[in-house]
Amino acid sequence: MPKKYETPMLDELEKGAFPSFVTEMKKSAARTDMAADALGQLERCYRDNRTHWKHGGIVGVRGYGGGVIGRYSDLPEDFPNVAHFHTVRINSTSGFCYTSKFLTEMCDIWDKYGSGLTNLHGSTGDLVLLGTTSDQLESIFAEFSSRGWDLGGSGSAMRTPSCCIGPARCEWANIDTMQINYEVTQEFQDEMHRPAFPYKFKFKTAGCAVDCIASIARADCSIIGTWRGKIAVDQAEVANYAKKGMNITNEIVNMCPGQCMSYNGKELKIDDDNCTRCMHCIAKMTKALKPTGEKGASILIGSKAPFVIGATFSHVIVPFMKMEAPYTELKDLVRKMWEWWDEHGKNRERIGELIIRRGMREFLEYIGVDPVPQQVKEPRRDPFYFWTESDLQK
Amino acid sequence: MALPQRKTDIGPPHFKEFIPPVMQKNYGDWKYHEVINPGLMVHVANSGEKVWTVRVASPRLLSTDTIRSYAAIAEKYCGGYVRFTTRNNVEFLVSDEKNVEPIQKELKDKKFMLGGIGSRITNIVHTQGWVHCHSAATDASGLVKAIMDDLADYFTTKETPNKVRIAVACCTNMCGAVHCSDIALVGIHRKIPTVEHEKIKNMCEVPSTIAACPTGAISPDPAKKAVKINEEKCMYCGNCFSVCPALPIADPVNDGIAIVVGGKIGSLRSDPKFSKLAIPYIKNNPPRWPEVTSAVKNILDAYIAGAEKHERVGEWIERIGWESFFKVTKLPFTFQHIDDFTIARETFRNTAAFKW
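Every value quoted in this text rests on a predicted model; they were computed, and no experiment measured them. (Residues numbered from 1 in each chain as written. Chains lettered and ligands numbered in written order. Predicted model: local features only at pLDDT ≥ 70, side-chain atom pairs only at ≥ 80, totals over all residues. Heavy atoms only, no water.)

Tallying secondary structure elements over chain B gives 12 helices and 13 strands in all. Reported as C-alpha extents along the three principal axes, the dimensions of chain B are approximately 75 × 70 × 35 Å. Taking all contacts inside chain B whose residues are at least 6 apart in sequence as the whole, residues at least 24 apart take part in 63%. Within the structure as shown, chain B displays about 14,800 Å² of accessible surface, and the carbon and sulfur contribution to it stands at 54%. Charged side chains in chain B number 45 positive and 38 negative. The centres of these two groups are separated by 1 Å. (Helix = DSSP H or I, 4+ residues; strand = E, 2+ residues; numbered from the N terminus. Contact = heavy atoms within 4.5 Å. Areas by Shrake-Rupley, 256 points an atom, 1.4 Å probe, with all protein chains shown as cover. Lys, Arg positive; Asp, Glu negative; His and termini not counted. Charge placed at Lys NZ, Arg CZ, Asp CG, Glu CD.)

Next up, the structure:
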């Protein structure tokens, strides 16, 4: 029987309507010594108002440089079963889709070799197994990989790419997010498992500008589905929305950022040339409005959290790319970007930071993309720009 | 028992094995979807076929026991198919209409919390916190639990003018999506790191430690074979601790939580927005952080009272103006609110036209 700790503070977090992580920890703590000590240590953190985990160390499986994050308690004498408490990242499927068969197998493996605690999912999108020791890692890896599952990314490597559910269950998907995500993951296995970049690199693929996967805010490379063509309007469905109480003028027409819609009580008209494809009208009137024409993606680069220069969103590099399997154009573009980043990036410098440091021109020239107004909100305000010898010849 | 043969560089299995036949068959051919109730939506394909999604909340930190219970329910009603959302909800994918009512009933009977779909509050994206992270300035799971208990009605029934996306990050690393959420909490420090001179020479690389500092506050200390930190330049981000474990910054007395508001990621109506500072600091007060939950509720109530239908928090604030935001929320405006980091001048007001 695992040791039972008194947890008066955490017990307070078992009260209330929302499902409790403390209850989850207690379930595992009743079975495993590791989870019991993790719970005991967490109560201590609550009492001391501070974390009791130490920096990670280098741990992993043979032949890989990532996928496992070392974690150690700073109170190993008090909580010996979490003296080593490492995280294993399993690469999730596109769209975080599973079967009961897999989930049950995953639980069997994890109950045998680890704490029984998980995160579904980690912030980047891995299936996270929380808490095991170094001597179990090879066994865990053999169990998962023999069943067709691999580790995710960590460290200065390509991280586990993720995507929205896209065409598997959504009428708004302009691109095959699920397949793009799968292909990118498969294509760059070496870059994922053997960290060789200046820093981390994340891909996220969204089917439209609603961006359910937060690609524009959380990926070094954001792939966002879009279209070039008109929005088809089903006027009978428009009338149905009006009949059901939607105030089309206030809720749709007046909220259009392109101010490209009009409605006379009978007919909804769209001036497609002035549409920015923001998705508001389509999301609110999904039965009435459908994008038509050529489908593809905008490729944006560079979003990240605030370290070191402040938070950044991704910005447009390629306004429109056809996205057809096997996605050679995307893969070639990515390889060129990585080459440039590898050449010039400093230790722990994300690609977006490097672009800011060395300038868009050098980046665009290296990857072979022409300057277009869609890449900027506005042109520069200052007169301080470079001229190359070849510019002077033009 | 001998271990099975390991394989490397195989990547994840193909997703088609993990989506129900109805989603395989109508892949890329969906016509529309409808939210039937806060925990149920239906997607209808051009073929007329349907798939129902039943959504329940999860605390993200899950024991295998609970995952097994998800699997059992998926097995019983969904042919085994279940998925997770980016915000850590569980979605049961029902292909057979006759299972739609029974699965909802069983989930309710088993005390699962159904909801989160549509114009309301869904699950909180968050980080590891004290559960499993070395750099946490607060706990994440505990904050999430306390806030969601308080806002549970907005998950299960009540509507808001548009979606309200809440996020929690336990330090300024922001592994959670704090920099672009409607209402977000981030763990912060308020005192400079301690330099552990004896440890630094063995544990840290001086040049990369110096390079990690966004404000140039770290310089070499050759006499001690360590580094010095300029107190006037350090803004306590903790990035140096990420590369150098001998610069601990955790402080039980001074660490706490900042609240930022008005971020969004979608491009609907207006461009994606960063979250901006509303409350610079609230002390850590586990286990239920009552000062934090009431601050979140205050901001949420002001938004619900003031926003037009479909406006996100950031769109509402931009329409009324930040000066009005501080007025209606009665939040004090302090020196900490005025940017002095990398984009300060972009945030100063360059007009005499503003509201009182």
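There is more to say after this.
Let's shift gears to the sheet that holds strand 8 (residues 166–169) of chain B. All names here are of chain B. Read from one edge of the open sheet, 5 strands run 7-8-9-12-13, paired in mixed fashion. Looking at which strands have only one partner, the edges of the open sheet turn out to be strand 7 (125–126) and strand 13 (276–283). Relative to strand 8, strand 7 runs parallel, the two being bridged by 2 bridges. Its bridge partner being in strand 8, His-126 is matched across the sheet by Val-168. Its contacts with the sheet place helix 11 (residues 322–329) against strand 12 (256–261) and strand 13, and it is angled at close to 35° to strand 13. (Pairing = 2+ DSSP bridges. Axes fitted to C-alpha atoms, helices over the stretch in contact; angles between N-to-C directions.)

What the rule picks out here adds up to 52 salt bridges over all chains. Note that A:Asp78 is salt-bridged to A:Arg44, the shortest N-O span being 3.0 Å. Of the two residues, A:Asp78 sits in the loop between strand 3 (72–73) and strand 4 (87–90) while A:Arg44 sits in helix 3 (residues 33–48), which places them 34 residues apart along the sequence. For A:Asp78, a relative accessible area of 36% corresponds to the partly exposed category. For A:Lys287, the salt bridge goes to B:Glu34, with nearest N and O atoms at 2.6 Å. (Salt bridge = Lys/Arg side-chain N within 4 Å of Asp/Glu carboxyl O. Buried < 20%, exposed > 50% of the residue type's maximum accessible area, 1.4 Å probe, protein only.)

This next bit is on the interface of chain B and chain A. Taken together, the 114 residues of chain B in the interface contact 121 residues of chain A. Of the roughly 10,200 Å² buried between chain B and chain A on both sides combined, carbon and sulfur atoms contribute 61%. Ranking the residues of chain B by area buried against chain A places B:Arg6, B:Trp130 and B:His132 at the top, with a combined share of 8%. In this structure, the connection of chain B to chain A is made through 9 salt bridges. Residue B:Arg68 pairs with A:Asp111 through a salt bridge whose shortest N-O separation is 2.7 Å. At the boundary of chain B with chain A, the tally comes to 66 residue pairs in polar contact (both at pLDDT 80 or more). The biggest single contributor to the side of chain B that touches chain A is helix 2 (residues 64–77) of chain B, with 7 residues. In the side of chain B that touches chain A, the residues fall into 54 nonpolar, 38 polar and 22 charged. (Buried area = accessible area lost by both parts, 1.4 Å probe. Polar contact = N/O pair within 3.5 Å; in protein donor to acceptor, adjacent residues only side chain to side chain. Nonpolar A, V, L, I, M, F, W, Y, C, P; charged D, E, K, R; others polar.)

Attention shifts here to the state of the cysteines. Scanning the entire structure with this criterion turns up 1 disulfide over all chains. The residue that forms a disulfide with B:Cys204 is B:Cys244, at a sulfur-sulfur distance of 2.1 Å. One disulfide, between B:Cys204 and B:Cys244, carries an S-S torsion of 80° and so falls in the right-handed class. One end of the pair, B:Cys204, is in the loop between helix 6 (197–203) and helix 7 (206–211); the other, B:Cys244, is in the loop between helix 8 (239–243) and strand 12, with 40 residues separating them in the sequence. B:Cys244 shares its class with B:Cys204; the two are buried. Residue A:Cys260 stays outside any disulfide, its sulfur separated by 3.7 Å from that of A:Cys256, the closest cysteine. B:Cys170 takes part in no disulfide bond, and the closest cysteine sulfur, belonging to B:Cys133, lies 5.0 Å away. Judged by relative accessible area, which is 4%, B:Cys170 ranks as buried. (Disulfide = S-S within 2.5 Å.)

Looking at chain B, the pLDDT average stands at 96 and 100% of residues meet or exceed 70. Interface scoring of the predicted complex returns ipTM 0.97; its pTM is 0.97. (pLDDT = per-residue confidence, 0-100.)

Take A:Ala142: it is sitting in helix 5 (residues 137–146). Sequence-distant contacts of A:Ala142, defined by excluding residues within four places in its chain, comprise B:Leu3, B:Pro4, B:Gln5 and B:Arg6.

Residue and element names in this part refer to chain A. Along the chain, Ser-314 turns up in the loop between strand 15 (294–301) and strand 16 (315–321). On the basis of relative accessibility, which here comes to 7%, the residue Ser-314 falls in the buried class. Here the side chain of Ser-314 touches Ser-222 through a polar contact of 2.7 Å, side chain to side chain. Within the local environment of Ser-314, its side chain forms a polar contact with the backbone nitrogen of Gly-302, the two atoms lying 3.4 Å apart. Residues contacting Ser-314, with those up to four places away along its chain left out, are Ser-215, Ile-216, Ala-219, Asp-220, Ser-222, Leu-300, Ile-301, Gly-302 and Ser-303.

All names here are of chain B. Two elements, strand 10 (residues 218–221) and strand 11 (residues 226–229), share 4 bridges in a ladder whose sense is antiparallel. Each residue of the ladder has a partner; that of Asp-221, found in strand 11, is Ala-226. What sits between strand 10 and strand 11 in their antiparallel hairpin is a turn of 4 residues, with Lys-225 showing a positive phi close to 50°.

Summed over all chains, the structure comprises 35 aromatic pairs over all chains. Members of the aromatic cluster, connected to one another through ring pairs, are A:Tyr98, A:Phe102, A:Trp149, B:Phe18, B:Tyr70, B:Phe84, B:Phe92 and B:Phe112. Positioned above the aromatic ring of B:Tyr27, the side-chain terminus of B:Lys16 is 4.4 Å from the ring centre. In this structure, B:Arg190 is placed above the aromatic ring of B:Tyr281, and the distance from its NZ or CZ to the ring centre is 3.4 Å. (Phe/Tyr/Trp six-rings, centres within 6.5 Å; stacked < 30°, edge-to-face > 60°. Lys NZ or Arg CZ within 6 Å of the ring centre and 35° of its normal.)

Residues B:Leu185 and B:Ile259 are the most contacted members of the largest nonpolar core, which totals 71 residues. Looking at which element gives the most residues to this core, the answer is helix 3 of chain A, with 8 residues. Apart from residues no more than four positions distant in its own chain, B:Ile259 is found in contact with B:Ile183, B:Ala184, B:Leu185, B:Lys276, B:Leu277, B:Ala278, B:Ile279, B:Ile282, B:Val292, B:Ala295, B:Val296 and B:Ile299. Grouped together as the second largest cluster of nonpolar side chains are 69 residues, A:Trp110, A:Phe144, B:Val42 and B:Trp52 included. (Core = buried A, V, L, I, M, F, W, Y, C linked by side-chain atoms within 4.5 Å.)

Moving on to helix 2 of chain B. All names here are of chain B. Taking 1.5 Å of rise per residue, 14 residues should cover 20 Å, and helix 2 covers 20 Å from first to last C-alpha, within 8% of that figure. All buried positions along helix 2 are accounted for by Thr-64, Thr-66, Ile-67, Tyr-70, Ala-71, Ile-73, Ala-74 and Tyr-77. Positioned one or two residues after helix 2, Gly-79 has a phi angle of 60°, which is positive. (Expected span 1.5 Å × (residues − 1).)

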